Every structure is written in C-alpha cells, then in structure tokens.
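Each chain, written out:
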Amino acid sequence: MDWRKIVDTFKLSYDLNLLKNENIIDKIYFRKRVIDSNSYGWEANCYLSSSLGVRFPSKMIHSNSHGMGSDYIKNRAISKSISEAIERWAYFETKNKKCEDYIISPNTSGFSAFPRKLKKQARDTSIYEAYERWCLFELNKNRLSLEYKIDQGEFIYFHFNNELKIFFAIIEQNLDLDRSAYGFAAARSLKDCLFKARVEKNRNIFNLNYFKKNNLKIENLDRNERRLIYFSTNEGNNYFKSLLNLKNKVRTPKMLYSKEVEGKWSKYSAVWRTVFDIDPIIHDNKLQVFYF
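Caption draft 1: Broad picture of empty space enclosed by the protein. Per the stated rule, a full pass over the model turns up 2 cavities of 30 Å³ or more. Roughly 40 Å³ of volume is contained in the second largest cavity. Residue lining of the second largest cavity: Trp134, Glu138, Arg143, Leu144, Ser145, His159, Val250 and Arg251, and that is the complete set. Split into classes, the residues belonging to the lining of the second largest cavity amount to 3 nonpolar, 2 polar and 3 charged.

Caption draft 2: Region of the structure containing the pattern of salt bridges. By the definition in use, this model includes 19 salt bridges. Lysine 59 is the salt-bridge partner of aspartate 222, the closest N and O atoms lying 2.5 Å from each other. One end of the pair, aspartate 222, is in the loop between helix H6 (190-213) and helix H7 (223-232); the other, lysine 59, is in the loop between strand S2 (39-48) and strand S3 (67-71), with 163 residues separating them in the sequence. For lysine 59, a relative accessible area of 24% corresponds to the partly exposed category. Within the structure, one salt-bridge network assembled from shared partners comprises Asp36, Asp151, Glu154, Arg198 and Lys201.

Caption draft 3: Structural view of the nonpolar core. Counting residues in each nonpolar core, the largest one holds 36 residues, and the members touching the most others are Tyr131, Leu139, Phe168, Ile170, Phe240 and Phe290. Contributing elements (two or more residues each) for this core: helix H5 (119-140), strand S6 (154-161), strand S7 (166-176), strand S8 (179-187), H6, H7 and helix H8 (234-243). At 9 residues, the largest contribution of residues to this core is made by H5.

Caption draft 4: Structural detail: the packing of H6 against H7. Their axes nearest at 11 Å, the elements H6 and H7 cross at an angle of 90°. In terms of orientation, H6 and H7 fall into the roughly perpendicular class. Contact residues: H6 offers Asn204, Asn207, Leu208 and Phe211, while H7 offers Leu228, Ile229 and Ser232. Of the residues in the contact of H6 with H7, the class split is 4 nonpolar, 3 polar and no charged.

The rules behind the values
Residues numbered from 1 in each chain as written. Predicted model: local features only at pLDDT ≥ 70, side-chain atom pairs only at ≥ 80, totals over all residues. Heavy atoms only, no water. 1 Å grid on protein atoms, 1.4 Å probe; cavity = no way out; pocket = protein on both sides within 12 Å on 5 of 7 lines; lining within 4 Å. Points joined across faces, edges and corners; volume = space filled by probe spheres on them. Nonpolar A, V, L, I, M, F, W, Y, C, P; charged D, E, K, R; others polar. Salt bridge = Lys/Arg side-chain N within 4 Å of Asp/Glu carboxyl O. Helix = DSSP H or I, 4+ residues; strand = E, 2+ residues; numbered from the N terminus. Buried < 20%, exposed > 50% of the residue type's maximum accessible area, 1.4 Å probe, protein only. Core = buried A, V, L, I, M, F, W, Y, C linked by side-chain atoms within 4.5 Å. Axes fitted to C-alpha atoms, helices over the stretch in contact; angles between N-to-C directions. Parallel < 35°, antiparallel > 145°, perpendicular 65-115°, else oblique. Contact = heavy atoms within 4.5 Å.

Laid out in structure tokens, this is it:
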C-alpha cells in the first residue's frame, strides 16, 4: 500500500501520515463493491498495527479487518473504516473494566468514532448505534413495533421514535427460493437509515454467497456467522417473521449513559459510547437470536 499516494490523492478527515508514522494503522485495502441496491461504491478495510494488541476472534466469512467502511465516495469509505477500527481499539482497551454497562452490552455496540473536530457527530451516531441494538433486543422479545412496506423487491420494516427522533429499519430481501438476507440500521432520517441498512444487507449477501460458493461448514463458523446462515434459511426466515410486531406502540428505552470514552486514541479521534438498558441474555449463544 502506497501511503503517500493515498494521502496525496484523497483529502481525508484523518491524517493518514500521522496514523501510520505513530504505528496506529498498519494497512488499508479498498475496492469497488455494490453497496446500495445495485449501485456501486467503495468498501474499505482498515487494519490496526499489531503493536496495539487489538485482537478479535478470526472469522470464516466476515472480514477480519479491524474496521470496515462503505460509501459512494472513496475517501469517506476509508475514513469510516478508520473510525470503526478506532472504535474497536477503544473497546478492546476498556472492556476489562468492572462496569455494569459492559455486562449489559459486552461488545462495541453504542461505540462511535469520528475525527476530533467532529465530536457532535460521534455523540449522535453513538446514540443511533445503541438504539439500533436496543431495537434488536426488543425484536427478539416480540416487543418491537414496526410498520411495513414493499419497495422494489425489498421488504422494509421500520418505525420512528418520536421522543428520540430516530428511525429504525430492517430490510429483508429474498435471494432465491430458500435464502434471505437482511440489513438493519438506525439514523436521524429514513433515507439515511435505509442506506445504512442496504449497505449491511449487501455485505451479508456477499458473505452468504461466499459461504455457499466455498461449501463451508456451519459448525466451523463463529456464533454471529452461524446466525447469519440460520436466518438466511426458510426456517430462520419464518422465525424472523414470528418476531415481527406490527401493532404495538413504539417504546423508548432508558439511557444508562452517553459520554466520551477517552484514551490513547483521543489524540486522533473522538470516541463516544451510549448504552441503553437491555437484558444481557441477548448475547448468549442461542442460534435463534436476530441478529448479532
């Protein structure tokens, strides 16, 4: 990877020379990929320096990069991948704290990182990320209120939380007679929400096709990958539909906290975390938990 060429060509929100010279980032790969419906954009994968010691379980079908970003504009995809990698760095450095919120949400849910000058965006996006995770918890408890529509072959389930002013959506797409793919997201506008959900859905379509093409065995996958495969099946799709609730009133979660997470990364990025009150049982190893 020619770092000088990247920096000279793209005006990024992050200082790549600084991140490379201070041994924060090792490498970034990027390529063209379908990201929204059938529209092509860019997908970037960011790998942190091994000197940081940030390790996560290896994946069979998901990316093993520390951060991934997708956008129509290449430099935004790269910046998003850096942000996600820094989120994981911050989580990895703080996850061993004996705090209630890490019991309730023992992963990177609710984390958001942006360049330091964009602290407000980090805070807002952190709330969207935490609300997305809370909605999935509510879905698994048959308590998530959703509206429903069909648009160009996609099944779209969504709602608007008027108190928080946030949209949440799940997009379902049938790939063939016996496979389905999903994407989900939360955002301030329905347009942004559906874009993010489609990016997620298209990543999952790629992963499902990779699993099928390479004849992988589900028992060799990790928990999240097994859930991806399970919900793509007819049995999993039927179970997903049994969770849908198209009647109840939209509830608002209790926010435990929303604050900046400070550490070594603060020189480069503002990292924020929001945690809503959810039952940690959603993080057990059951296969029938939509989705992660």
